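Coordinates in review
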Amino acid sequence: MNRAEVIVKEIKDLHVKLEQMKNELKQLQESCEHQFIEEPFMRTCTRCCYIEGTHY
């Protein structure tokens, strides 16, 4: 396997890992008992990093 093929394979593996991590974060945020810090135009949960816009 040449260097380019190794890089392409690693990129594909990282895409899979990224999707897994996004799903894990989504599950954590859905089950979190949010504790927000209020900021202008948004609030951020200190436990799971969930962000909500407050300017509607």
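Starting from 1, residues in each chain are numbered consecutively following that chain's sequence as written. It should be noted that, the model being predicted, local features are given only for residues of pLDDT at least 70 and side-chain atom pairs only at 80 or more, the latter also being counted only at that level, while totals for whole chains, interfaces and linings use all residues. Excluding hydrogens and water, the side-chain values take into account all heavy atoms of the structure.

1. A look at the environment of Leu28
Counted only if it meets this: Strands are runs of DSSP state E lasting at least two residues, helices are runs of H or I lasting at least four, and both sets are numbered from the N terminus onward.
With respect to the helices, strands and loops of the structure, Leu28 is situated in helix H1 (residues 3–31). The spatial distance from the C-alpha of Leu28 to the C-alpha of Thr44 is 14 Å, given a sequence separation of 16 residues.

2. Regarding the side chain of Gln29
For the record, the criterion: Each polar contact in these results corresponds to two N or O atoms within 3.5 Å; when the atoms are within protein, one needs to be able to donate a hydrogen and the other to accept it, and residues that are neighboring in sequence are counted only if both atoms are side-chain atoms. Contacts between residues were defined by any pair of non-hydrogen atoms, one from each residue, lying within 4.5 Å.
Its location among the elements puts Gln29 in helix H1. From its side chain, Gln29 meets the backbone oxygen of Cys48 in a polar contact 3.1 Å long. What Gln29 contacts, discounting residues up to four positions off in sequence, is His34, Cys48, Cys49 and Tyr50.

3. Points about H1
For clarity, the threshold we go by: Here the expected length of a helix is defined as 1.5 Å per residue gap, with one fewer gap than residues.
With 29 residues, H1 extends 42 Å from end C-alpha to end C-alpha; this agrees with the ideal 42 Å at 1.5 Å per step. In this structure Asn2 caps H1, since a side-chain oxygen of it lies 3.0 Å from the backbone nitrogen of Ala4.

4. Some details on the pattern of salt bridges
Here is the rule: By definition, a salt bridge exists where a carboxyl oxygen of Asp or Glu is found within 4 Å of a side-chain nitrogen of Lys or Arg. In this scheme, a residue with accessible area under 20% of its type's maximum is buried, one over 50% is exposed, and one in between is partly exposed, where area comes from a 1.4 Å probe on protein chains only.
The tally for this structure, following the rule as stated, stands at four salt bridges. Note that Glu38 is salt-bridged to Arg43, the shortest N-O span being 3.6 Å. Overall, Glu38 belongs to the exposed group, its relative accessible area being 53%. On the basis of relative accessibility, which here comes to 25%, the residue Arg43 falls in the partly exposed class. Residue Glu52 pairs with Arg43 through a salt bridge whose shortest N-O separation is 2.7 Å. By relative accessible area, which is 22% here, Glu52 ends up partly exposed. The network of salt bridges with shared partners includes Glu38, Arg43 and Glu52.

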